[in-house]
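Descriptive structure summary
Here is how the chains run, residue by residue.
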Amino acid sequence: MPHTFGQQLIALLPNLRRFALSLTRSASSADDLVQITCEKALANQDSYAEGTRMDAWLFRIMRNAWIDQLRKDKTAGTSVDVDALLNMSGDDGTRQTESALMLKATRAAIADLPDEQREVIVLVCIEEFSYQEASDVLAIPIGTVMSRLARARKKLASVMGINGD
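Residues numbered from 1 in each chain as written. Predicted model: local features only at pLDDT ≥ 70, side-chain atom pairs only at ≥ 80, totals over all residues. Heavy atoms only, no water.

**Describing the overall build of the chain**
- Of the regular secondary structure elements, the chain holds 9 helices and 0 strands.
- Along the chain, from the amino end to the carboxyl end, the secondary structure elements read α-α-α-α-α-α-α-α-α.
- A buried classification covers 33% of the 165 residues belonging to the chain.
- If you take every contact in the chain between residues at least 6 apart in sequence, the share linking residues at least 24 apart comes to 65%. (Helix = DSSP H or I, 4+ residues; strand = E, 2+ residues; numbered from the N terminus. Buried < 20%, exposed > 50% of the residue type's maximum accessible area, 1.4 Å probe, protein only. Contact = heavy atoms within 4.5 Å.)

Structure below.
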């Protein structure tokens with residue numbers, strides 16, 4: 001039995017939130033962006049082409065909504081550090097501490113990337129989009145996706161102290 005549009009949308013909510021966090025860098029703004037995306041998707045579900053990746057369609061809606069929001073709030077807005085909102089509880093073991101520090105450093109390194117590189121790295125490396133799918137979501141040539149991804153990976157490796165040797 002095929003899933004309904006709503007069921008597919010609900011299943012993709014964690015992916016949408018992850019991408020929204022990468023765009024907004026704020027948990028509350030990310031939640032708002034996910035809500036806006038869902039509202040727009042439901043209102044325009046007739047424009048979704050069956051048989052295509054719904055997540056790519058939703059990410060495109062989200063990115064466009066984010067760009068609209070940035071234009072609207074160009075002179076206003078407060079940014080909240082996502083790390084300040086996370087409550088990392090658990091035992092104080094060395095491995096957990098090192099993992100938490102590495103995750104925090106990686107998150108910070110990704111957050112410090114230019115917007116264009118951060119979008120590509122999230123879509124390709126976290127959401128596992130193909131270069132072509134990322135190209136379609138971002139409305140840029142595939143070569144641009146590859147060059148932005150290469151620059152992002154190089155920058156992350158440098159910041160994280162990872163040698164390419």
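Now that the structure has been shown, we can carry on.
**Some thoughts on the pattern of salt bridges**
- Enumeration over the complete set of coordinates arrives at 8 salt bridges.
- D55 serves as the salt-bridge partner of R53, at 2.6 Å between the closest nitrogen and oxygen.
- A relative accessible area of 30% places R53 in the partly exposed class.
- Classification of D55 by relative accessible area gives buried; the value is 10%.
- Linking R63 and E119 is a salt bridge whose minimum nitrogen-to-oxygen distance equals 3.0 Å. Taken together, the residues R63 in helix α4 (residues 54–72) and E119 in helix α7 (residues 115–126) connect sequence positions 56 residues apart. Assigned by exposure class, R63 and E119 land together as buried.
- Three or more residues are tied together by salt bridges with common partners; here these are R25, D115 and R118. (Salt bridge = Lys/Arg side-chain N within 4 Å of Asp/Glu carboxyl O.)

**Section: α7**
- In this model α7 runs 15 Å from its N-terminal to its C-terminal C-alpha over 12 residues, within 8% of the 16 Å that 1.5 Å per residue would give.
- Looking at α7, one finds that the buried residues are Q117, R118, E119, V120, I121, V122, L123 and V124.
- Tucked into the core, α7 has its buried residues touching α2 (13–24), α4, α6 (94–112), α8 (131–138) and α9 (142–160).
- Phi turns positive one or two residues past the end of α7, at E128, with a value near 60°. (Expected span 1.5 Å × (residues − 1).)

**Notes on the packing of helix α3 (residues 27–43) against α4**
- One way to put it is that α3 packs onto α4 with a least axis distance of 9 Å and a crossing angle of 120°. Taken together, the axes of α3 and α4 lie oblique to each other. Once α3 is placed against α4, the crossing between them reads as right-handed. Where α3 approaches α4, its residues L33, V34, I36, T37, K40 and A41 are matched on the opposing element by W57, L58, I61, M62, A65, W66 and D68.
- By residue class, the composition of the contact of α3 with α4 is 10 nonpolar, 1 polar and 2 charged. (Axes fitted to C-alpha atoms, helices over the stretch in contact; angles between N-to-C directions. Parallel < 35°, antiparallel > 145°, perpendicular 65-115°, else oblique. Left-handed = near helix turned anticlockwise from the far one by under 90°. Nonpolar A, V, L, I, M, F, W, Y, C, P; charged D, E, K, R; others polar.)

**Some details on the side chain of E127**
- Relative to the assigned elements, E127 resides in the loop between α7 and α8.
- When its relative accessible area of 6% is taken as the criterion, E127 is described as buried.
- Among the polar contacts listed, one links the side chain of E127 to the side chain of R18, at a separation of 2.9 Å.
- The contact partners of E127, leaving out residues within four places of it in the chain, are N15, R18, F19, R53, F59 and V122. (Polar contact = N/O pair within 3.5 Å; in protein donor to acceptor, adjacent residues only side chain to side chain.)

That is the geometry; function is a separate question.
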